[in-house]
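Listed below are the residues making up each chain.
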Amino acid sequence: MDYELIVIGAGPGGCSAALYGAREGLTTLLVEPAAPGGQMSVTAWVENYPGVPGASGQDLANAMLAGAKAAGATFLQAQVTGLHLTGSPKIVETTRGAYTAGAVVLAMGAAPRKLALPEAERFLGRGLSYCATCDGMFFRNKDVAVLGGGNGAAASARSLARLCRQVHVIFRKEHMSAEAREQEALAACPNVILHPGTLLAGLSGGEQLEALALEDRATGRWQELPCQGLFAAIGRIPETVLLQGQLDAYGYLQAGCDCRTPLPGVFAAGDTRSKQLRQLVTAAADGATAAHLAARYLGDSASPET
């Protein structure tokens, strides 16, 4: 085998898995097609990672990768093009060759579904965010909006309602698709205003977001909604296209808190797997768990899954 452990994805879950794998004494390869960090790398400022008072997402990503490399992990910048995970050894095909390993940690992450508006890129980090938990603190006592009608949007709106002066929830259907208990909790927030049957038609402002253009689906009437922040909660897209047959109904890997997938010797960490909370700290914890159990799997050939 080329390596004992291959980790795919250098976000917080992948870097943590590579760090702990190397510290377990495993020869470890960390594969990432782009810059390290995943979604963290495009987060302007991180204030909710324990022990870090505040840092840019890219700086924190670089520090995580440096820690994994210092522990002994090898970093390979390459795109994974194929996975053969049912046999032994596991085979990971990349744009820089094929590599084999006894165990694999899948930590490719998931990306927020992006706004299909021409102004979206301009206002990203300047009022537009895809994570209320990450960035809500920057909008304390301001007027903000949440786009989306599902559970994620409802949870984001409730979180923001504790910080912001007003929270507008914009969704295209006449009723939110969030679970009844989520909607009941949202209705109990006096500073939350619902905008059913409404489309987001545009963003406007100078250096920062200042207003949203809204369109009533039934009448076609437009209105301008002044606000300083927009949190888009319109779904996430897991990076799991190479893993068909191992996914849940939403495209995430089936793996519990122990990070084990149904495939022996294959583990999932971070946003790649089904989970309740998708944050840097939970991804890093997944990575440590996955690497520890991968080491146990590799060290117990008689009964690898005990």
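Preceding this paragraph is the structure being described.
Residues numbered from 1 in each chain as written. Predicted model: local features only at pLDDT ≥ 70, side-chain atom pairs only at ≥ 80, totals over all residues. Heavy atoms only, no water.

(A) Local environment of the sheet that holds strand 9 (residues 143–147). Read across the open sheet, the 5 strands follow the order 8-15-9-10-11; overall the sheet is parallel. Strands with a single pairing partner mark the edges of an open sheet, and in this sheet they are strand 8 (128–129) and strand 11 (192–195). Bridging between strand 10 (residues 166–170) and strand 11 involves 4 bridges; their strand directions are parallel. Paired with valine 167 across the two strands is valine 192, which belongs to strand 11. Packed onto the sheet, helix 5 (residues 151–161) meets strand 9, strand 10, strand 11 and strand 15 (229–232) and runs at close to 170° relative to strand 9. (Pairing = 2+ DSSP bridges. Helix = DSSP H or I, 4+ residues; strand = E, 2+ residues; numbered from the N terminus. Contact = heavy atoms within 4.5 Å. Axes fitted to C-alpha atoms, helices over the stretch in contact; angles between N-to-C directions.)

(B) View of the environment of methionine 40. Note on placement: methionine 40 falls in the loop between strand 2 (28–32) and helix 2 (57–71). Residue methionine 40 is classed as buried on the basis of its relative accessible area, which comes to 3%. Residue contacts for methionine 40: discarding those within four places in its chain leaves Pro12, Gly57, Gln58, Leu60, Ala61, Met64 and Leu280. (Buried < 20%, exposed > 50% of the residue type's maximum accessible area, 1.4 Å probe, protein only.)

(C) Fine view of the pairing of strand 15. Burial along strand 15 is two-sided: Gly229 and Phe231 facing one way and Leu230 and Ala232 facing the other are all buried. Of the strand pairs in this sheet, strand 8 and strand 15 are connected by 2 bridges, and their pairing is parallel. Counterpart to leucine 128 in the pairing with strand 15 is leucine 230. Pairing geometry for strand 9 and strand 15, over 4 bridges, is parallel.

(D) Region of the structure containing the pairing of strand 12 (residues 198–205). Sheet topology note: the strand 12/strand 13 (residues 209–216) ladder contains 7 bridges and is antiparallel. Note on strand 13: the bridge partner recorded for leucine 200 is leucine 214. Following strand 12, the chain reverses through 3 residues before pairing antiparallel with strand 13.

(E) Seen up close, the nonpolar core. Ranked by internal contacts, the top residues of the largest apolar core, which has 32 residues, are Leu5, Val7, Leu30, Tyr49, Leu60, Val105 and Phe267. Those elements that place two or more of their residues in this core are strand 1 (3–8), helix 1 (12–23), helix 2, strand 6 (97–106) and helix 7 (280–299). Looking at which element gives the most residues to this core, the answer is helix 7, with 8 residues. If we skip the residues at most four places from it in the chain, valine 7 touches Gly14, Ala17, Ala18, Thr28, Leu29, Leu30, Val31 and Val105. Formed by 21 residues, the second largest nonpolar core is a distinct cluster that contains Leu76, Val80, Leu83 and Val104. (Core = buried A, V, L, I, M, F, W, Y, C linked by side-chain atoms within 4.5 Å.)

(F) A look at unusual backbone geometry. Cis geometry is found at the peptide bond from serine 88 to proline 89, where omega equals 5°. Positionally, proline 89 belongs in the loop between strand 4 (80–84) and strand 5 (90–94). Located in the positive-phi region is asparagine 141, a residue other than glycine, with phi close to 65°. The topology assignment puts asparagine 141 in the loop between helix 4 (132–135) and strand 9. The exposed category is assigned to asparagine 141, whose relative accessible area is 60%. Phi at cysteine 259 takes a positive value of approximately 70°, unusual for a residue other than glycine.

(G) How the structure looks around helix 2. An ideal rise of 1.5 Å per residue puts 21 Å on 15 residues; helix 2 measures up with 21 Å between its terminal C-alpha atoms. When helix 2 is considered as a whole, its buried residues turn out to be Gly57, Leu60, Ala61, Met64, Leu65 and Ala68. Along helix 2, the residues classed as buried sweep out an arc of 135° about the axis, all on the same side. Summarising the geometry of helix 2, the exposed residues directed more than 90 degrees from the buried face are Asp59 and Ala70. Here the buried face of helix 2 lies against helix 1, strand 2, strand 3 (74–77) and helix 7. (Expected span 1.5 Å × (residues − 1). Arc of directions from axis to C-beta.)

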